[in-house]
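Residue-level listing of the chains:
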Amino acid sequence: MATWRYSPMPSGTEAVSSCNAVARFADFSRGRNGGGRRGIRADRLMLMRKWQLRPMKRSLSVRNASSEQQRKAKDPITQQEESLGRCNHFPPDASSIASSIKHHAEFTPLFSPEKFEPSKAFFATAQSVRDALIINWNATYDCYERLNVKQAYYLSMEFLQGRALLNAIGNLGLTGAYADALSKLGHNLEKIAAQEPDAALGNGGLGRLASCFLDSLATLNYPAWGYGLRYKYGLFKQRITKDGQEEVAEDWLEMSNPWEIMRNDVAYPIKFYGKVLTDSDGKKHWIGGEDIKAVAYDVPIPGYETKTTISLRLWSTKAPSGEFGLSVFNSGKHTQAAEALYNAEKICHVLYPGDESLEGKTLRLKQQYTLCSASLQDIIARFERRSGTKIRWEEFPEKVAVQMNDTHPTLCIPELMRILIDVKGLRWKEAWNITQRTVAYTNHTVLPEALEKWSLELMQKLLPRHVEIIEMIDEEVRWNTYIRQKLQFFGIPILIRFAFDLYLQLVRTIVSECGTADSNLLEKKLKQMRILENVELPPAFSDLLVKRKASPVAVSTDELDESEDDEELKPADGKSKSVKECIKGKKKKIPEPVPEPPKLVRMANLCVVGGHAVNGVAAIHSEIVKDEVFNDFYQLWPEKFQNKTNGVTPRRWIRFCNPDLSKIITSWTGSEDWVLNTEKLSKLRQFADNEDLQAQWRTAKRNNKLKVASLIKERTGYIVSPDSMFDIQVKRIHEYKRQLLNILGIVYRYKMMKEMSASERNKKYVPRVCIFGGKAFATYVQAKRIVKFITDVGATVNHDPDIGDLLKVIFVPDYNVSVAELLIPASELSQHISTAGMEASGTSNMKFAMNGCILIGTLDGANVEIREEVGEDNFFLFGARANEIAGLRKERAQGKFVPDPRFEEVKKFVRSGVFGSSSYNELLGALEGNEGFGRADYFLVGKDFPSYIDCQAKVDEAYKDRKRWTRMSIMNTAGSYNFSSDRTIHEYARDIWNIKPVELP
């Protein structure tokens, strides 16, 4: 392999030097106790190169250092080990890094050579870092390949990575060296890092969690891959105008991505549409249809202070070049000629394309299948390669663990079955056993609309073979449910498992002996648990149930006699006639036909049935999953269900994004061990009242607030005071997350201020900067109305001279990971105020707590556990409890809800026109009435409003006591130790994946 670097010449000009380089590991020992990995030099975290320089002229001469070795008939691994032993490492000092950066600036060019501007400097710097990562990266997977270890494969439609540069050099321990190198080249590291666009591969907590998990997997040396899609335009870039949110395409790939490597040799065929044929021996063949290719792009994920570097493999889609209709193009039909290419490429254009249309739904389903099929083909190819000539498919689950991050990758289940049966020739029973032992499912929501259901008709058209498999799995569910219920009825142990043919015999025997008195209840239960919704039971099963079938259209005369004898019909002559008389007179009133409900595929049910584990992501959420969302399944398979409370990586979310706080924590806990062992954060509790610590803590917080004040001025034009409380709510805009409750609380605050004198205002209220951030989905009209309302309130409040700095309302546009890395360290109060029982977990609440922010929130998601850890006195609690929500909605429907007068005052104030000409009737109308779609305050904003206002008054009082507030802040950081994604990953590895850490030699 040949590499290149620069060396300065006495003349001041630059001359190119050629060098031969071979890689080696610098051996080092690492302990987990005491100092952990501390004291490890950065140069020992990488496979380094020995540079052998010789001056040369401008012309290039490249020699492959391994060319002579390749002629020898030796085992490749032996050759590599011999070559590793012959090399020395060099310390990655600032001068050598600067030379590497300059090398890439000239020889990996993406810009013209005349200038070395920040954007060019960023790409050259990133490519320099990538060189170091590639060496570790290849060594990591070479090690896994040779050891043939079991690996976890994490499939997710989202990976919200954020910027990679500072995280990568931080994990490698090279932040100082790169800062010095760029300084030598006339640049500042922070400004260069700011040139990097956020990778547009996710939207919210789901994608951010997946990225935290990859960081922890690499840091803890677990063998793993991440799999996702390479979205060209991401979700969207958010602009805020006078009309609210405007969506434009993300441009993160416009100048390419310096971190990714396209693997031209890793591509798999993906099929859509077509038909299924059965040959003479019963084997299925899926033929015809539309064929595309999924091509791999790999992104390295380095661990912290370890050589382990794992992969995030992203799939991009394209059509074979032969699909381009050259003759059609030359005939002038240019669009038609490229139609196949465009249809393939658009699959990876946008994250979550709008699905109001059939085309949008089709595209989303294509995305999900592409992720599942390409990833499984890749996983299976790796398993076969490592197995050699003797492939034992029964060992597949002992080498592979597939985790489905929510329901988006559900098609992994039928796709794995299809490959095993149709391609690899396994029998159904073998394939089903392998699939169930391989796949596991993480549930992230209790919202019914988020538990995906796909049109059976669409899926039959797009994936005909998979529908056949799903129908067979659905059959398995019915038999399992029926048998287990009957076994329980007779007191037979539930864990007894019979072969399928014995099931049939036993069912018929049981039914014949005990009758079918409970068939209606049993049928109802089956319908709830089935994968197929609104699909008739097949005759082979339905004949075991007593069913009373009634036509949705036809109504018998007798039924009309019984139900409508007293009803009179008045014809034109004015004479009354009974219904019976009308019927006899052949003037029957036929009811309108009841439309047939759509036939659907319940993806969440398929996940539960097809996997060996189902986990929630917070303690309260996991209980709701067992007690409500999947209760029937929990009764059937209680051993499948478990909890894995989410976590976030302390590297990105404290160590790198909040360096001032990190130094304080290190100083007061005695070492940097807390970065890997967050339990050490609890040591801060004993110093929470120390005046020196409190003074340092407040200084660090104010420094971070100054950065956010600059960001706000840059993004919005508003000027805010860093001496105000920074009150922040940043998350996806959704009614259940209740940004509307927050802004109505601010309106109430503003209204009360306007009714007071200046002295009264200053005495009662502390100055606040209320900051919002987040995106509303383009088709979510009510969420976009909330964004518009927030910006309208801000436009009024921020220009009110009577209020001044006492209250500011800011909406930060285009919220993303990089913005979060500024806002979270500066936060003092953070709002996590979702309707109780509706937020699965949340991860931003963990990030805020880690950075010494005090939370105001409901007992929802991980708030419950955070409050337990940080202490009840250090958390502002309000609102209804999860177990009260159903009853409160019922009361509302019965007209028993009496709104608080303050809530009515706020709505009236909003409608008065103080925030503009809009009446906001559509927005506020959702909070009114007792029933109806989009009405009746489903998310209980009005119910929780008085509790919320009272709680905010307690926040003001606490903030006035500087020592008390600082102590609360310290206690939040100290109590956040349990919310590290390292802890979560250890639990997944132990309880679900059954994988072990592999430390490189």
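None of these values were measured; they are calculated from a predicted model.

K.L.:
Explain the overall build of the protein to me, using residue names and the numbers behind them.
P.N.:
A count of helices and strands for the protein gives 40 helices and 29 strands. With 1001 residues in all, the protein has 56% of them scored as buried. Nonlocal contacts in the protein, meaning residues at least 24 apart in sequence, comprise 77% of its contacts between residues at least 6 apart. Only carbon and sulfur atoms are counted for the fraction: they give 51% of the accessible area of the protein, which is about 42900 Å².

K.L.:
So what's going on with the environment of I434? Residues and values would help.
P.N.:
With respect to the helices and strands, I434 occurs in helix α15 (residues 428–438). With 39 residues separating them along the chain, I434 and E395 place their C-alpha atoms 8.4 Å apart. Among residues more than four places away in sequence, those in contact with I434 are W393, E394, F396, P397, L420 and L426.

K.L.:
Could you give an account of the UniProt feature "modified residue: N6-(pyridoxal phosphate)lysine" (unreviewed entry) in the protein, with specific residues and numbers?
P.N.:
As recorded in UniProt, the feature "modified residue: N6-(pyridoxal phosphate)lysine" (unreviewed entry) lies at K847. Looking at the element boundaries, K847 is found in helix α33 (residues 844–850). Excluding residues within four positions of it along the chain, K847 makes contact with R208, V648, W653 and I824.

K.L.:
Kindly report on the side chain of R749, identifying the contributing residues and their values.
P.N.:
Note that R749 resides in helix α29 (residues 739–754). Setting aside its immediate chain neighbours within four residues, R749 contacts Y765, V766, R768, L807 and D956.

K.L.:
Would you mind going over the sheet that holds strand β17 (residues 453–455) in detail, with residue names and values included?
P.N.:
Here we have three strands laid out as an open sheet, ordered β17-β21-β18, and antiparallel in their pairing. Taken across any chain shown, the strands that pair with only one partner, and hence form the sheet edges, are β17 and β18 (532–533). Pairing analysis gives two bridges linking β18 to strand β21 (residues 600–602), with the strands arranged antiparallel. Residue pairing in the sheet places E533 in a bridge with L600 of β21. Sheet strands touched by helix α23 (residues 603–610): β17 and β21. Its angle to β21, the strand with the most contacts, is close to 45°.

K.L.:
Outline the nonpolar core, listing residues and values.
P.N.:
Ranked by size, the top nonpolar core spans 150 residues in total, and within it W315, M459 and W993 carry the most contacts. The element contributing the most residues to this core is helix α4 (residues 118–147), with 12 residues. In terms of nonpolar packing, the next biggest core, distinct from the first, is built from 56 residues, V797, L806, Y920 and L927 among them.

K.L.:
Let's hear about the packing of aromatic side chains: which residues, and what values?
P.N.:
Two aromatic rings are characterised by how far apart their centres lie and by the angle between their planes. Tallied over the entire structure, the rule returns 36 aromatic pairs. Taken together, a centroid distance of 5.3 Å and an interplanar angle of 90° make the contact between Y141 and Y144 edge-to-face. One end of the pair, Y141, and the other, Y144, are both in helix α4, three residues apart, so they sit about a helical turn from each other. Y144 gets classed as buried once you look at its relative accessible area, which sits at 0%. Put simply, the rings of Y141, Y144, Y153, W225, Y227, Y268 and W315 touch in pairs and so form one group of aromatic residues. Directly above the aromatic system of Y297 lies the positively charged group of R230, at a separation of 4.0 Å from the ring centroid. In this structure, K366 is placed above the aromatic ring of F272, and the distance from its NZ or CZ to the ring centre is 5.1 Å.

K.L.:
Quick one: what's the story with the environment of L924, residue by residue and with numbers?
P.N.:
Note on placement: L924 falls in helix α37 (residues 921–925). Here L924 falls in the buried class, since its relative accessible area comes to 0%. Along the backbone, L924 and R935 are 11 residues apart, and their C-alpha atoms lie at a distance of 9.2 Å. Residues in contact with L924, not counting those within four places in the same chain, are L744, K907, V910, R911 and S919.

K.L.:
Give me the side chain of D944: which residues, what numbers.
P.N.:
Inspection of the secondary structure assignment puts D944 in helix α38 (residues 941–960). With residues near it in sequence (within four places) discarded, D944 still touches R738, F878, G879 and A880.

K.L.:
Give a description of the pattern of salt bridges that names residues and reports values.
P.N.:
For the structure on display, the rule yields 58 salt bridges. Across the pair R230 and E260 runs a salt bridge, and its minimum N-O distance is 2.7 Å. A residue pair is termed long-range when its members are at least 10 positions apart, and R230 in the loop between β7 (224–229) and β8 (237–241) and E260 in the loop between β9 (244–248) and β10 (261–272) qualify at 30 residues. The residues R230 and E260 share a single accessibility class, namely buried. Two residues, D944 and R738, come together in a salt bridge whose shortest N-O distance is 2.8 Å. Residue D944 is located in helix α38, and its partner R738 is located in the loop between β24 (725–730) and α29; the two are separated by 206 residues in the primary sequence.

K.L.:
Summarise the pairing of strand β28 (residues 854–857); cite the residues concerned and give the values.
P.N.:
Moving residue by residue along a regular strand, the side chains alternate between the two faces of the sheet. Neither face of β28 is left uncovered, since the one carrying I854 and I856 and the one carrying L855 and G857 both have all their residues buried. As defined by bridge partners, strand β27 (residues 829–832) adjoins β28 across four bridges and the pair is classed as parallel. Of the residues in β28, the one forming a bridge with Q831 is I856. This β-α-β element, β27 to α33 to β28, shows right-handed connectivity. When β28 meets strand β29 (residues 876–877), the two strands line up parallel, connected through two bridges. Bridge pairing links G857 to L877 in β29. With helix α34 (residues 863–870) bridging β28 and the parallel β29, this β-α-β connection has right-handed handedness.

K.L.:
Before we move on, could you go through the sheet that holds β10 and cite the residues and values that matter?
P.N.:
Read from one edge of the open sheet, nine strands run β10-β13-β14-β7-β6-β15-β16-β22-β23, paired in mixed fashion. A strand with exactly one partner marks an edge of an open sheet, and here the two such strands are β10 and β23 (641–643). Taken over all neighbouring pairs, the strand axes of this sheet differ in orientation by 25° on average, direction set aside. The pairing of β7 with strand β14 (residues 309–318) spans five bridges and is classified as parallel.

K.L.:
Describe unusual backbone geometry, naming the residues involved and giving the relevant values.
P.N.:
If you check the backbone angles, N221 has positive phi at about 65° while not being a glycine. In this structure, S256 takes a positive phi of about 75° despite not being glycine. With respect to the element layout, S256 can be found in the loop between β9 and β10.

K.L.:
I'd like to hear about the environment of E254, residue by residue, with values.
P.N.:
Structurally, E254 can be placed in the loop between β9 and β10. Using a relative accessible area of 66% as the deciding quantity, one classes E254 as exposed. Along the backbone, E254 and K232 are 22 residues apart, and their C-alpha atoms lie at a distance of 8.8 Å.

K.L.:
Describe the packing of α29 against helix α31 (residues 781–797), with residues and values.
P.N.:
It is at 10 Å that the axes of α29 and α31 come closest, and there the two elements cross at 20°. Classed by the angle they form, the pair α29 and α31 counts as roughly parallel. Relative to α31, the crossing made by α29 is left-handed. Seen from α29, the contacting residues are Q739, L740, I743, L744, V747 and Y750; seen from α31, they are I786, F789, I790, V793, T796 and V797. In terms of residue class, the contact of α29 with α31 is made up of 10 nonpolar, two polar and no charged.

K.L.:
Describe α34, naming the residues involved and giving the relevant values.
P.N.:
Counting buried positions along α34 yields six of eight residues, so the element is predominantly enclosed. Following α34 by one or two positions, G871 has its phi on the positive side, about 105°.

K.L.:
Tell me about the packing of α29 against helix α36 (residues 901–911), and please be specific about residues and values.
P.N.:
In contact at an axis separation of 10 Å, α29 and α36 are set at 85° when each is read in the N-to-C sense. In terms of their interaxial angle, α29 and α36 are classed as roughly perpendicular. Contact with α29, carried on its side by L744, V747, Y748, Y750 and K751, involves R902, F903, E905, V906, F909 and V910 of α36 and no other residues of that element.

K.L.:
Before we move on, can you summarise the state of the cysteines with the specific residues and values?
P.N.:
Under the defined criterion, the tally for this structure stands at zero disulfides. There is no disulfide at C372, and the cysteine sulfur nearest it, in C412, is 3.7 Å away. Residue class for C372 comes out buried when judged on its relative accessible area of 0%. C607 carries a free sulfur, and the closest cysteine sulfur to it, the one in C412, is 8.8 Å from it. The buried category is assigned to C607, whose relative accessible area is 0%.

What counts, and where the lines are drawn
Here the residue numbering is sequential within each chain, running from 1 through the sequence in written order. Residue-level local features of this predicted model are given only where pLDDT is at least 70; pairs of side-chain atoms are given and counted only at 80 or more, and the full residue set underlies all totals for whole chains, interfaces and linings. Heavy atoms from the whole structure form the basis of all side-chain values; hydrogens and water molecules are not counted. Secondary structure elements are defined from DSSP: runs of H or I of at least 4 residues count as helices, runs of E of at least 2 residues count as strands, and each element is numbered from the N terminus. Burial classification: accessible surface area is computed with a 1.4 Å probe over protein chains only, and a residue below 20% of its type maximum counts as buried, one above 50% as exposed, and the rest as partly exposed. The contact criterion used throughout is that any non-hydrogen atoms of two residues lie within 4.5 Å. Each accessible area value is a Shrake-Rupley result obtained with a 1.4 Å probe; residue values ignore everything except the protein chains displayed when judging cover. UniProt positions are given in the numbering used here, feature names are shortened, and annotations may be inferred rather than shown by experiment. Strand pairing requires that DSSP identify at least two bridges connecting the strands. Axis definition: a line fitted to C-alpha atoms, over the contacting stretch in the case of helices. Angles run 0 to 180 degrees between N-to-C directions. We define a nonpolar core as any set of buried Ala, Val, Leu, Ile, Met, Phe, Trp, Tyr and Cys residues linked to one another through side-chain atoms lying within 4.5 Å. Two rings from Phe, Tyr or Trp (for Trp, the six-membered ring) form a pair when their centres are within 6.5 Å of each other. A pair whose planes differ by under 30 degrees is stacked, one over 60 is edge-to-face, and the rest are tilted. For a Lys NZ or an Arg CZ to count as sitting over a ring, it must be within 6 Å of the ring centre and within 35 degrees of the ring normal. In what follows, salt bridge is the name for a side-chain nitrogen of Lys or Arg lying within 4 Å of a carboxyl oxygen of Asp or Glu. When the strands point away from the viewer and the connection leading from the first strand across the helix to the second strand turns clockwise, the crossover is called right-handed. In these notes the angle categories are as follows: under 35 degrees is roughly parallel, over 145 is roughly antiparallel, 65 to 115 is roughly perpendicular, and the rest is oblique. Crossing handedness: left-handed means the near helix sits turned counterclockwise from the far one by under a right angle, and right-handed means the same turn made clockwise. Following the grouping adopted for this structure description, the nonpolar residues are Ala, Val, Leu, Ile, Met, Phe, Trp, Tyr, Cys and Pro, the charged ones are Asp, Glu, Lys and Arg, and the polar ones are all others, Gly among them. Working definition: a disulfide is two cysteine sulfur atoms within 2.5 Å of each other.

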